[in-house]
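This is what each chain is made of:
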Amino acid sequence: MPHDRINIVRNPTPASVAKTPQDFLCQLDGPTLIIVEGRDPGRCRALSTLLHGNEPSGLKAVHGWLRNGERPSVTMLCFILSVSSALEPPLFSHRQLPGERDINRCFRPPFEGRPGLIAEQLLGLLDEYRPECLIDIHNTSGMNPAFGVVTHEDPAHEALVALFTRRLIITDIKLGALMETSRPEFPVATIECGGNRDPVADRLAVEGLWRYLQQDQVLQLPPDGLHMDLYHHPVRLVLAPDTKIAFADEPDPEADITVPRQLERYNFGLVTRGTFLLWLGPRGHSPLRLQSASGAGELTGYFDCIGHSLYAAQTMKLFMVTDNPVIACSDCLLYAAPETGHRVLDV
Ligand SMILES: [Zn+2]
């Protein structure tokens with residue numbers, strides 16, 4: 001039975017940390033908070049990674065840091081929670097344990113089931129230690145460049161994301177994700193480092209984590225200016241749970257939707273009005289739903305269904321297009337941000 005308590009480990013020595021990320025996870029024995037005292041122990045910051053067991057870039061970066069033993073500038077709270085999902089064979093392939101809820105949808109009441117209990121404990125530990133900010137490091141399941149996601153648009157959130165990347169999505173969709181606990185006095189940013197099998201994503205996590213660990217200030221924009229690409233208020237294209245999905249280069253007659261393999265190439269590329277996206281089966285567009293901050297809605301305005309095909313209805317950036325059928329059906333197939341909400345920040 002996987003653990004439902006967060007273990008606390010303080011100041012592990014480099015020699016005590018196992019050589020590989022996999023052995024390190026076995027050492028952790030369940031959801032863990034690692035606390036490393038900083039040069040200034042009077043301040044602290046928080047970091048979370050591996051909320052999803054198939055997203056290892058942040059975990060690898062944390063493991064490398066702990067093996068190296070570099071002291072952070074302020075005390076660091078490092079949450080590594082979905083250890084059992086990550087270790088479920090094959091390694092780093094399960095977002096959550098089969099039959100369990102996605103823990104990054106559990107950071108709001110009711111705190112039910114094992115992931116809910118663990119999420120509630122994390123929130124209790126944040127109340128107890130009162131870190132000045134939190135970064136939650138993820139990977140995407142399809143090919144994506146790195147980007148940040150925040151719920152508040154202000155310089156502190158932008159500065160946190162800029163430690164890792166210059167692409168930023170501002171969302172008001174409420175899902176129960178950890179970043180939704182963000183408040184002006186406690187900024188939280190999600191970092192999507194890139195694809196979960198991409199060495200570029202691993203490197204980006206290492207470099208961003210290093211800045212987060214070493215900089216004295218992480219909530220102020222750099223004085224020499226900053227260029228950021230901002231995308232506002234994306235919508236999610238979600239599928240009914242019983243949708244039969246296929247990934248193929250021609251329509252699958254057995255499937256409700258067939259997603260061409262090249263769809264994920266559009267990640268952060270612009271799709272213009274009329275761009276073909278995917279094929280619809282005999283149920284037409286009925287398995288598809290749009291999810292926005294105001295709830296579930298019609299596809300109209302974002303997507304056009306013509307015959308047995310789905311097209312973009314306006315110019316948009318697509319992101320988090322997944323090639324994983326389980327994630328497509330249980331979470332969402334893709335996010336779309338209208339280009340009308342795109343702004344370039346130059347400060
Ligand atoms: Zn994730």
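Residues numbered from 1 in each chain as written. Predicted model: local features only at pLDDT ≥ 70, side-chain atom pairs only at ≥ 80, totals over all residues. Heavy atoms only, no water.

(A) Representation of the packing of aromatic side chains within the structure. Tallying each qualifying case throughout the model produces 7 aromatic pairs. For the ring pair Phe276 and Trp279, a centre distance of 5.0 Å and an interplane angle of 55° mean the geometry is tilted. Overall, the relative accessible area of 24% leaves Phe276 in the partly exposed class. Accessibility expressed as a relative area gives 18% for Trp279, which makes it buried. Linked through ring pairs, Phe147, Tyr231, Phe268, Phe319 and Tyr335 together constitute an aromatic cluster. (Phe/Tyr/Trp six-rings, centres within 6.5 Å; stacked < 30°, edge-to-face > 60°. Buried < 20%, exposed > 50% of the residue type's maximum accessible area, 1.4 Å probe, protein only.)

(B) Inspection of the coordination of the zinc ion at higher detail. For the zinc ion, the full set of protein donor atoms is His52 (ND1), Glu55 (OE), Glu55 (OE) and His138 (ND1), and the range of their distances to it is 2.0 to 2.5 Å. Its 4 donor atoms give the zinc ion angles of 56 to 145° at the centre, a pattern that matches the irregular case. In primary-sequence terms, the residues that donate to the zinc ion follow H-x2-E-x82-H. Placement of the pair is His52 in the loop between strand 3 (40–49) and helix 2 (57–68) and His138 in strand 5 (residues 134–140), with a sequence separation of 86 residues. Side by side, His52 and His138 carry an identical accessibility label, which is buried. (Donors = N, O, S within 2.8 Å, 3.2 Å for Na, K, Ca; no water. Tetrahedral: all angles 85-135°; square planar, octahedral: opposite > 155°, others 65-115°. Helix = DSSP H or I, 4+ residues; strand = E, 2+ residues; numbered from the N terminus.)

(C) Focus on the sheet that holds strand 17 (residues 303–306). Taken in spatial order, the 5 strands make up an open sheet running 11-12-14-18-17, and their pairing is mixed. Edge strands, defined here as strands with exactly one partner in the open sheet, are strand 11 (245–247) and strand 17. Neighbour to neighbour, the strand axes of the sheet diverge by 30° on average, direction disregarded. Across 3 bridges, the pairing between strand 14 (residues 276–280) and strand 18 (residues 309–312) is antiparallel. Bridged to Phe276 within strand 18 is Tyr311. (Pairing = 2+ DSSP bridges. Axes fitted to C-alpha atoms, helices over the stretch in contact; angles between N-to-C directions.)

(D) Structural detail: the packing of helix 2 against helix 6 (residues 199–214). Where helix 2 meets helix 6, the closest approach of the two axes is 8 Å, and the angle between their N-to-C directions is 55°. In this view, helix 2 runs oblique relative to helix 6, as classed from their interaxial angle. Our pair here, helix 2 against helix 6, has a crossing hand that is right-handed. Along the contact surface, helix 2 presents Ser57, Gly58, Lys60, Ala61, Val62 and Trp65, while helix 6 presents Ala201, Asp202, Ala205, Val206, Leu209 and Leu213. (Parallel < 35°, antiparallel > 145°, perpendicular 65-115°, else oblique. Left-handed = near helix turned anticlockwise from the far one by under 90°. Contact = heavy atoms within 4.5 Å.)

(E) Molecular detail of the nonpolar core. Counting 46 residues, the largest nonpolar core has Phe24, Leu25, Ile80, Ile135 and Tyr212 as the members making the most contacts within it. Examining the composition of this core, we find that 6 residues originate from one element, helix 6, more than from any other. When neighbours within four sequence positions are excluded, Phe24 is seen to be in contact with Val17, Ala18, Ile34, Leu59, His63, Leu66 and Ile80. Listed in part, the 36 residues of the second largest apolar core include Leu33, Leu178, Phe268 and Cys332. (Core = buried A, V, L, I, M, F, W, Y, C linked by side-chain atoms within 4.5 Å.)

(F) Quick look at the side chain of Ser57. Locating Ser57 in the fold gives a position in helix 2. Ser57 gets classed as buried once you look at its relative accessible area, which sits at 0%.

(G) Representation of helix 2 within the structure. In this model helix 2 runs 17 Å from its N-terminal to its C-terminal C-alpha over 12 residues, within 8% of the 16 Å that 1.5 Å per residue would give. Among the residues making up helix 2, those that are buried are Ser57, Gly58, Leu59, Ala61, Val62, His63, Trp65 and Leu66. Just beyond helix 2, the residue with positive phi is Gly69, at close to 80°. (Expected span 1.5 Å × (residues − 1).)

(H) Spatial organisation of unusual backbone geometry. The omega torsion across Pro89 and Pro90 is -10°, close enough to zero to call that bond cis. Following the sequence through the fold, Pro90 ends up in the loop between helix 3 (83–87) and helix 4 (113–129). A cis amide bond links Pro109 to the next residue, Pro110, at an omega of 0°. Along the chain, Pro110 falls in the loop between helix 3 and helix 4. The backbone of Phe92 sits at a positive phi, close to 55°, despite the residue not being glycine. Unlike most non-glycine residues, Met320 shows phi in positive territory, near 55°. If you trace the backbone, Met320 turns up in the loop between strand 19 (316–319) and helix 7 (325–330).

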